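Topology and contacts: notes
So the chains spell out like this:
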Amino acid sequence: MSYCVNCGVELDSSAKICALCSTPVINPNIKTTEPAPVPYPDKYMIPPKVRRRYAAFLATMIMLIPNIVCVLVNLLVPRGGKWSIFVVASSALLWMMVFLPMLMKKTRPFILLTVDAVALCLYIYVFYAIYRQEGWFTGLVFPLIAGLYVIIAGMIKWLRKKRDWVKIAINVFLSIAVYSLYADFFISRFYEAERPLGVSLVIAASCIALIIFFKFVEKNKRFRAWLTRKFFV
Amino acid sequence: MAEKEQKENHGGKFWLKLDNAGKVFPGQNTQTWSNIFRGAITLKEKVDPAVLEEALARVLPRFPCFDVNIKRGFFWYYFEKAKYPAPPVMPDVGNPCHRIKFRENKGFLFRVYYHERRIAVEFFHALTDGYGGSLFLCTLTAEYLRIKYGANIPPGGAVLSLQETADEFELEDSFERFASSKVKAKRRDRFVYHKKGERLPAHMVNVTTGYMPVDKLLELARANNASITEYLAAILMYIHYNIQKEEERKQKDVSVQIPVNLRRTFPSKTLRNFSLCYSVRINPNMGEYTFEEILKHISLYLRFINNEKTLNSMMTANMALERNPFMRALPLPVKWLAIAISFGLTAEKTTTAMITNLGPVKVPDEMLEYVESYVMMPSPGKLNGARVGAASIGNTFAATFANIYTDSRIEREFFTFLVKKGIPVKIESNRESIPENFKNNPYAFNPQITK
């Protein structure tokens, strides 16, 4: 029978430390004979994790069935054109975006982002390849997706460390401003617009105003403290 | 009620509707958390699992409302007579009250464990409340003692007679019978303070039990014009109040939730849920509180609210949701989703801590000589670090913390507060059996996976 010198509570005879304050129990009077029974066993019931990969595998198998049926029907009745391509392409895109992340053991954002970007490009390319028209894929879609990919990838890389919320806000608005200019440049070039960069300049200007505001917040500690106090959720 | 259902059943399988309080719990169930509480009796000698199994098989038919599996109906969940005769009697685990799955444990919604001198039963809250659980556990233990030692334990108190069968009043939904108020109590719950901390990994919980003599504790509470529940709730609130003050933040309300056994107010002998929760709160922005002020606040508030009329109006408010024809007509998945979402958004956000006191568990004197203590462990919280379950048997009072955070500050302050007041406290915990590096990979340690 030992007492914790720190808390003053009596401890279980098996205790080596106090359960309340972790102070070691040293009682020179008690000779170590056989170990006393512990109050709780060191065996745990840890239930198995949700079988996410198994569920994804099942879903994949189930998704395959309508696809195979569509392809077979399309091959047997070729009169309606190659419509099964759209079904297969849409299913493939869905699979890449939803089920592939579930099948991966560990979340790898860069690989997933790359796969998603490529899948999206390929998906749109299927339509482009079928209705060939004036190079809109290379002139418009590809640069838009590539730009978005670069910006999101950069953001993920930057957010891997814990960042201050003000810096996050600044970077988000900066990304929006840059991307709107970038997108507008390609859109106006493709459509040969008379006044290029009209809309995006408005967006960029509002973003820059917000960036300046947040820069001020970042610098001015007292103002920031006031804001935190005022908008405390 | 139950008998009426049985007659309408035309000899089909025995089935029961979930009671009013129990209806929400299946919806709150997740992969990592369930609303489960545990009752445990420590005997004076080691438990024999084979005898316990025999006792369980004899006792279970007396409790038809526990001898059930949960099933999905189109509109509601319901209980149906269990497929198997009895759940397995299992060696205890280091993480009590881990989540329940309706298909595990042979479909039973309670689990029976043994460890050294302890018999423990964990109940899914949809089945019953702490009081109903204590009746089952005491009857089971009495039968165990009869078989093992030939003890002559007469029925009485929490030990039910096995010669009788359950009558309809034991299986009824007492909420339905007693909720008759013309007024529905309004709930005005604001979000309150929660102590922050580093969480244990999923499925893990720190259990700390403090044993103390009832007479000394009662003397201390009486000296302060309070009951034991009020006194312990006041300590809990005082600790949280002080911790929040140290944090130097916007001061939120501090509230303690206290479930109350309605069988004390209404003449019900149901074995199923029949309790309500009310919470007491203080607003630290009103000024500095001393412990005595908090104690007075809690004890006066509880005595003010604890009357038949107020409780009835609270019950009626809960029943109104169930009686609402629109709610009833929603299919089960919609109800389930609504409960899951609302619980996910508001779970425990209106309570800082919880204390449930089962009070004295009365068993016959012939049984008392074999029994050392009764431990009531509440379900681990989702946000609350301090959820306390208390019960006493004989002269041993046991207060048990279920804490999902790694630090033990609240437990420590709670028990040292009592030590300083001259109450001898003996501590027992599972903290030591949790290895230090458990957090990194819980699956590396004895993964006992049940199917």
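Residues numbered from 1 in each chain as written. Chains lettered and ligands numbered in written order. Predicted model: local features only at pLDDT ≥ 70, side-chain atom pairs only at ≥ 80, totals over all residues. Heavy atoms only, no water.

**Let's talk about the interface of chain A and chain B**
Heads up, the rule is: Throughout, a contact is declared for two residues whenever any of their heavy atoms are within 4.5 Å. Take the accessible area each of two parts loses on contact, using a 1.4 Å probe, and add the two losses: that sum is the buried area. In protein, a polar contact means a hydrogen-donor-capable atom and an acceptor-capable atom, both N or O and within 3.5 Å, with residues adjacent in sequence counting only if both atoms are side-chain atoms; elsewhere, any N or O pair within 3.5 Å suffices. Put simply, Ala, Val, Leu, Ile, Met, Phe, Trp, Tyr, Cys and Pro go in the nonpolar bin, Asp, Glu, Lys and Arg in the charged bin, and everything else, Gly too, in the polar bin.
Contacts between the two partners involve 29 residues from chain A and, on the opposite side, 44 residues from chain B. Ranking the residues of chain A by area buried against chain B places Tyr40, Tyr44 and Met45 of chain A at the top, with a combined share of 28%. Viewed at the interface, chain B and chain A are joined by seven residue pairs in polar contact (both at pLDDT 80 or more). Partitioning the side of chain A that touches chain B into residue classes produces 20 nonpolar, three polar and six charged.

**Concerning the nonpolar core**
Residues and elements named next belong to chain B. Here is the rule we go by: Side-chain atoms within 4.5 Å link the members of a nonpolar core, which is a set of buried Ala, Val, Leu, Ile, Met, Phe, Trp, Tyr and Cys residues. Throughout, exposure labels follow a simple rule: accessible area from a 1.4 Å probe, protein chains only, divided by the maximum for the residue type, with under 20% read as buried, over 50% as exposed, and the rest as partly exposed. A run of H or I in DSSP counts as a helix once it spans at least four residues, and a run of E counts as a strand once it spans at least two, with each numbered from the N terminus. Where a domain begins and ends is set by an automatic assignment or by a domain database.
Of all hydrophobic cores here, the largest spans 69 residues; its most connected members are Phe110, Phe136, Leu140, Met367 and Tyr374. The element contributing the most residues to this core is helix α4 (residues 130-149), with eight residues. There are two domains that each give this core at least three residues, and those are domain 1 (2-178) and domain 2 (206-306 + 332-444). Here Tyr374 is in contact with Gly39, Ala40, Ile41, Gly133, Ser134, Leu137, Cys138, Leu358, Val361, Ala391, Ile393 and Ala398, once residues within four sequence places are set aside. Met212, Met319, Ile423 and Ile427 belong to the second largest nonpolar core, which has 67 residues in total.

**Here we look at the pattern of salt bridges**
Definition in use: The rule for a salt bridge is simple: a side-chain nitrogen of Lys or Arg has to be within 4 Å of a carboxyl oxygen of Asp or Glu.
Counted by the stated rule, this structure contains 30 salt bridges over all chains. Salt bridges linked by common partners bring Arg38, Asp92, Arg111, Arg118 and Glu122 of chain B together as one network.

**Things to note about unusual backbone geometry**
Trans is the common state for peptide bonds, and a negative phi is the common state for residues other than glycine. All names here are of chain B. A positive phi angle is found at Glu116, which is not glycine, with a value near 50°. Residue Glu116 is classed as partly exposed on the basis of its relative accessible area, which comes to 30%. The backbone phi angle of Asn225 is positive, close to 55°, even though this residue is not glycine. Take Asn225: it is sitting in the loop between α7 (214-223) and α8 (228-246).

**Observations regarding the sheet that holds strand β1 (residues 15-17) of chain B**
Residue and element names in this part refer to chain B. Applicable threshold: Following DSSP output, two strands are said to pair if at least two bridges run between them. Axes here refer to lines fitted to C-alpha atoms; in helices the fit is confined to the stretch in contact. Angles between the N-to-C directions go from 0 to 180 degrees.
In spatial order, the strands read β1-β4-β3; together these three strands make up an open sheet with antiparallel pairing. Among the strands making up the open sheet, the edge pair consists of β1 and β3 (68-72). Neighbour to neighbour, the strand axes of the sheet diverge by 30° on average, direction disregarded. Bridge analysis of β1 against strand β4 (residues 77-81) gives three bridges, and the strand direction is antiparallel. Residue pairing for β4: Lys17 is matched across the bridge by Tyr78.

**Looking at the environment of Lys167 of chain A**
Positionally, Lys167 of chain A belongs in helix α5 (residues 165-191). In this structure, Lys167 of chain A is in contact with Trp158 and Glu218 of chain A, ignoring residues within four places of it in sequence.

**Comments concerning the packing of helix α6 (residues 198-219) of chain A against helix α7 (residues 221-230) of chain A**
Residues and elements named next belong to chain A. To keep it simple, the criterion reads: When describing relative orientation, an angle under 35 degrees is termed roughly parallel and one over 145 degrees roughly antiparallel, while 65 to 115 degrees is termed roughly perpendicular and anything else oblique.
For the pair α6 and α7, the least separation of the axes is 5 Å and the interaxial angle reads 105°. Relative to α7, α6 is oriented roughly perpendicular. Contact residues: Phe213, Phe216, Val217 and Lys219 in α6; Lys221, Phe223, Arg224 and Leu227 in α7. In the contact of α6 with α7, the residues fall into five nonpolar, no polar and three charged.

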